[in-house]
Structure formats: C-alpha cells, structure tokens
Amino acid sequence: MRIEGSAYVVDLNRSQQVRNEAQQTQAVQGSRPAGRVIPFDRVEISSQARELQKLKSEVAAMPDVRLDRVALAKQNLQNGAYRVEASTLAQKMMDAYKSR
C-alpha cells in the first residue's frame with residue numbers, strides 16, 4: 001500500500017519490512033552465535049592526561065599559605081632585620097591605586 005501526498009510519499013510495505021528485519025536482528029543478537037564479534041566501546045587515557053591529573057592532585061594538596069615564609073617574615077620584623085624602602089613602598093601603593 002502506498003500513500004502519496006503533496007509533501008511526501010510513504011511506502012507502508014517498506015516500513016513493515018524494516019520492522020521485521022529489526023525483530024530478526026534482535027532475535028539473533030539474543031542467541032549470540034559462535035564466532036560473532038560483539039563490538040564494545042573503550043576509553044583510554046593518555047599518559048599525559050594521567051600525569052596532568054597527578055600534578056593537579058599534588059597542587060590541590062599544597063597549603064594556600066606557606067607557613068615557613070610567614071614565620072621567617074615575622075622573625076625578621078621582630079628582630080628589626082626586615083627593612084622596606086619608603087620610595088619602593090610609595091611606588092607600589094601608587095601602582096595599586098592606578099590599577100583600580
């Protein structure tokens with residue numbers, strides 16, 4: 001049987017044939033005949049991606065504040081060994097102000 005219209009043509013016999021073929025294919029797949037190779041998906045992660053993931057986890061494990069550097073700065077401040085040039089401080093303050 002064919003149904004013809006102005007926009008398209010439908011062949012009902014062909015659609016029935018496609019359905020029958022699909023049902024036969026499903027029946028065959030269920031029985032898995034010997035020697036038939038069943039395809040499967042596989043994902044492989046490159047060595048570069050594994051290395052990147054390792055580095056990311058190492059960086060995430062690092063502390064945000066380097067306490068050894070903070071302790072050294074505190075000690076230098078208390079001993080009077082930490083000196084700041086006034087002109088350098090003024091220049092950095094002006095740069096920070098201009099960048100806003």
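Residues numbered from 1 in each chain as written. Predicted model: local features only at pLDDT ≥ 70, side-chain atom pairs only at ≥ 80, totals over all residues. Heavy atoms only, no water.

### Comments concerning the overall build of the protein chain
Inference 1: A count of helical and extended segments in the protein chain gives four helices and two strands.
Inference 2: Helices (α) and strands (β) of the protein chain occur, in sequence order from the N terminus, as β-β-α-α-α-α.
Inference 3: Within the protein chain, the proportion of its 100 residues that are buried is 0%.
Inference 4: A total of about 10100 Å² of accessible surface is found on the protein chain, and carbon and sulfur atoms cover 54% of it. (Helix = DSSP H or I, 4+ residues; strand = E, 2+ residues; numbered from the N terminus. Buried < 20%, exposed > 50% of the residue type's maximum accessible area, 1.4 Å probe, protein only. Areas by Shrake-Rupley, 256 points an atom, 1.4 Å probe, with all protein chains shown as cover.)

### Structural notes on the pattern of salt bridges
Inference 1: Inspection of the entire model under this criterion finds one salt bridge.
Inference 2: The closest approach of N and O atoms between Glu 44 and Arg 42, which form a salt bridge, is 3.3 Å. (Salt bridge = Lys/Arg side-chain N within 4 Å of Asp/Glu carboxyl O.)

### Brief notes about a nonpolar patch on the surface
Inference 1: A cluster of nonpolar side chains, Leu 77, Tyr 82, Val 84, Leu 89 and Met 93, forms an exposed patch at the surface whose accessible area comes to about 530 Å².
Inference 2: Looking at the secondary structure, you find Leu 89 in helix H4 (residues 86-98).
Inference 3: Residue Leu 89 is classed as partly exposed on the basis of its relative accessible area of 45%. (Patch = residues over 30% accessible without salt bridge, like charges linked within 9 Å, V, L, I, M, F, W, Y side chains within 5 Å.)

### Observations regarding helix H2 (residues 47-61)
Inference 1: With 15 residues, H2 ought to run about 21 Å at 1.5 Å a step, and its terminal C-alpha atoms sit 21 Å apart, in line with that.
Inference 2: Of all 15 residues making up H2, only zero are buried, and the element is barely covered by its neighbours. (Expected span 1.5 Å × (residues − 1).)

### Thoughts on helix H3 (residues 67-79)
Inference 1: The first and last C-alpha atoms of H3 sit 18 Å apart over 13 residues, in line with the 18 Å expected at 1.5 Å per residue.
Inference 2: Across the 13 residues that make up H3, only a small minority, zero, are buried.
Inference 3: Just beyond H3, the residue with positive phi is Gly 80, at close to 85 degrees.

### Here's the deal with the confidence of the model for the protein chain
Inference 1: On average, residues of the protein chain carry a pLDDT of 78, and 64% of them reach 70 or more.
Inference 2: Confidence scores differ between elements of the protein chain, with strand E1 (residues 2-4) showing the lowest mean pLDDT of 53 and H4 the highest of 94. (pLDDT = per-residue confidence, 0-100.)

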